[in-house]
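These are the residues of each chain, in order.
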Amino acid sequence: MKVLIDTNVLLDYFLTRQPYFESANKVFVSCLFQIQGYIASHTFLDLFYQMHERNGKSVEYCRNTFLKLCQTFEVCAIDKQRIIDAALNLDFNDFEDSLQNECASYSGVDYIITRNADNFENASMPVISPEDFVRLMAE
């Protein structure tokens, strides 16, 4: 199984945001041992801004975090065609979510894991919450 992890789930994990941390942790562990996880390359920019600028994590902490992510996850690059496709996709009002969808589609993932499923109602593949994903993996 292949999944694309949305930024909010990664932030839940790295910032230990409650009450979401437990399910985000289980998603992360699944990507370590059971399934192939993907992250869109632009997610790293969002993570850096949220972790460093808004939550005071050091640059060194962010760099080490990104190195660990690259050891665990595949990274889907954003190229010109994905940007064009995301910009032309009128099913999405949020450009960042449209880019996530394009990366997920390009990578051939089975699910997008996000806490913002409403933003992905027109996604190219099934969208699942971290909690529902954890239940799915337990079956």
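Residues numbered from 1 in each chain as written. Predicted model: local features only at pLDDT ≥ 70, side-chain atom pairs only at ≥ 80, totals over all residues. Heavy atoms only, no water.

Participant: What should I look at first to understand the environment of L88 in this one?
Facilitator: For L88, the location among the structural elements is in helix α5 (residues 80-88). Residues L88 and S98, spaced ten residues apart in sequence, show a C-alpha to C-alpha distance of 9.3 Å. (Helix = DSSP H or I, 4+ residues; strand = E, 2+ residues; numbered from the N terminus.)

Participant: Any chance you could explain a nonpolar patch on the surface here in plain terms?
Facilitator: Side chains of V29, L32 and F33 sit close together on the surface and give an oily, nonpolar patch of about 310 Å² of accessible area. Counting through the fold element by element, F33 comes out in helix α2 (residues 21-33). (Patch = residues over 30% accessible without salt bridge, like charges linked within 9 Å, V, L, I, M, F, W, Y side chains within 5 Å. Areas by Shrake-Rupley, 256 points an atom, 1.4 Å probe, with all protein chains shown as cover. Salt bridge = Lys/Arg side-chain N within 4 Å of Asp/Glu carboxyl O.)

Participant: Please clarify how the pairing of strand β2 (residues 36-40) should be interpreted in this entry.
Facilitator: Across a regular strand the side chains alternate sides, sitting on one face of the sheet and then on the other. The buried fraction of β2 amounts to four of the five residues, a majority that puts the element mostly inside the structure. Pairing of strand β1 (residues 2-5) with β2, which is carried by three bridges, proceeds in the parallel orientation. Across the sheet, residue L4 finds its bridge partner in β2, namely Y38. As judged from the three bridges shared by β2 and strand β3 (residues 74-76), these two strands associate in the parallel manner. Bridged to A40 within β3 is C76. (Buried < 20%, exposed > 50% of the residue type's maximum accessible area, 1.4 Å probe, protein only. Pairing = 2+ DSSP bridges.)

Participant: For this particular structure, what's the right way to read the side chain of T72?
Facilitator: Among the structural elements, T72 can be located in helix α4 (residues 59-72). For T72, a relative accessible area of 14% gives the class buried. For T72, the side chain forms a polar contact with the main-chain oxygen of K68, separated by 3.1 Å. Apart from the residues lying within four places of it in its own chain, the contact partners of T72 are F28, C31, L32 and Q36. (Polar contact = N/O pair within 3.5 Å; in protein donor to acceptor, adjacent residues only side chain to side chain. Contact = heavy atoms within 4.5 Å.)

Participant: Explain the packing of helix α1 (residues 7-14) against α2 to me, please; I cannot follow it from the model alone.
Facilitator: Running from amino to carboxyl end, α1 crosses α2 at an angle of 105°, the nearest separation of the two axes being 8 Å. As the angle between them shows, α1 and α2 are arranged roughly perpendicular. Contacts between α1 and α2 pair V9, D12, Y13 and F14 from the former with F21, A24, N25 and F28 from the latter. Here the residues of the contact of α1 with α2 sort into six nonpolar, one polar and one charged. (Axes fitted to C-alpha atoms, helices over the stretch in contact; angles between N-to-C directions. Parallel < 35°, antiparallel > 145°, perpendicular 65-115°, else oblique. Nonpolar A, V, L, I, M, F, W, Y, C, P; charged D, E, K, R; others polar.)

Participant: So what exactly am I meant to see when it comes to the side chain of T65 here?
Facilitator: Looking at where T65 falls in the secondary structure, it is placed in helix α4. The class for T65 is buried, based on a relative accessible area of 4%. Ignoring anything within four residues of it in the chain, the contact list for T65 reads F14 and M51.

Participant: Honestly, the layout of surface pockets in this entry has me stumped. Any pointers?
Facilitator: Picture a little ball the size of a water molecule; that probe, rolled over the atoms, points out where space is still empty. Approximately 170 Å³ is the volume found for the largest pocket. Lining the largest pocket, in full, are D6, T7, N8, L11, D46, Q50, D94, E96, D97, N116 and N119. Counting residues per element, the ones that place at least two in the lining of the largest pocket are α1, α3 (43-54) and α6 (95-107). The biggest single contributor to the lining of the largest pocket is α1, with three residues. Its residues placed into classes, the lining of the largest pocket shows one nonpolar, five polar and five charged. (1 Å grid on protein atoms, 1.4 Å probe; cavity = no way out; pocket = protein on both sides within 12 Å on 5 of 7 lines; lining within 4 Å. Points joined across faces, edges and corners; volume = space filled by probe spheres on them.)

Participant: Got a minute to help me understand the nonpolar core in this structure?
Facilitator: Across soluble globular proteins, nonpolar side chains have a tendency to be buried as a group. Judged by nonpolar contacts, the single largest core of 24 residues is most densely connected at V3, I5, L10, L69, F73 and I113. Listed by contribution, the elements that provide at least two residues to this core are β1, α1, α2, α3, α4 and β4 (111-113). The next biggest cluster of nonpolar side chains, apart from the first, holds twelve residues, and it includes V109, F120, A123 and M125. (Core = buried A, V, L, I, M, F, W, Y, C linked by side-chain atoms within 4.5 Å.)

Purely geometric numbers; function is a separate question.
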